[in-house]
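Observations on the three-dimensional arrangement
Chain by chain, the residues run as shown.
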Amino acid sequence: MKKKEEIKIEVRYTEGFEKRFTEACLNQLRKRREKERAEMQAEKTA
């Protein structure tokens, strides 16, 4: 069996990454809620 090669990486966070990450997460939650509301409205009218 061949030994897997180990890959080393270094991650550098840029200034403001926490704010951008939080905003992106909140935006996804907002989109999910809007989609769920639209689906519920479609079920009610069907």
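Because the structure is a prediction, the values reported are computed rather than measured.

A separate point is the overall build of the protein chain. Of the regular secondary structure elements, the protein chain holds one helix and zero strands. Carbon together with sulfur atoms contributes 53% to the accessible area of the protein chain, which is approximately 5600 Å² in total. Distance between charge centres in the protein chain, computed from 14 positive and 10 negative side chains, equals 2 Å.

Now for a nonpolar patch on the surface. Residues I7, I9, V11 and Y13 make up a contiguous nonpolar surface patch of roughly 530 Å² in combined accessible area. Assignment of secondary structure puts Y13 in the segment before α1 (17-45). For Y13, a relative accessible area of 61% gives the class exposed.

It is worth spelling out the packing of aromatic side chains at this point. Tallying each qualifying case throughout the model produces one aromatic pair. When the ring of Y13 is compared with that of F17, the centres are 4.3 Å apart and the planes differ by 20°; the resulting orientation is stacked. Overall, the relative accessible area of 30% leaves F17 in the partly exposed class.

On to the pattern of salt bridges, then. Tallied over the entire structure, the rule returns one salt bridge. Note that E10 and R12 form a salt bridge whose closest N and O atoms lie 2.9 Å from each other. We classify R12 as exposed; its relative accessible area is 69%.

On the secondary structure map, K3 appears in the segment before α1. By relative accessible area, which is 79% here, K3 ends up exposed. Sequence separation of K3 and R30 is 27 residues, and the distance between their C-alpha atoms is 45 Å.

Conventions adopted
- Residues numbered from 1 in each chain as written.
- Predicted model: local features only at pLDDT ≥ 70, side-chain atom pairs only at ≥ 80, totals over all residues.
- Heavy atoms only, no water.
- Helix = DSSP H or I, 4+ residues; strand = E, 2+ residues; numbered from the N terminus.
- Areas by Shrake-Rupley, 256 points an atom, 1.4 Å probe, with all protein chains shown as cover.
- Lys, Arg positive; Asp, Glu negative; His and termini not counted.
- Charge placed at Lys NZ, Arg CZ, Asp CG, Glu CD.
- Patch = residues over 30% accessible without salt bridge, like charges linked within 9 Å, V, L, I, M, F, W, Y side chains within 5 Å.
- Salt bridge = Lys/Arg side-chain N within 4 Å of Asp/Glu carboxyl O.
- Buried < 20%, exposed > 50% of the residue type's maximum accessible area, 1.4 Å probe, protein only.
- Phe/Tyr/Trp six-rings, centres within 6.5 Å; stacked < 30°, edge-to-face > 60°.

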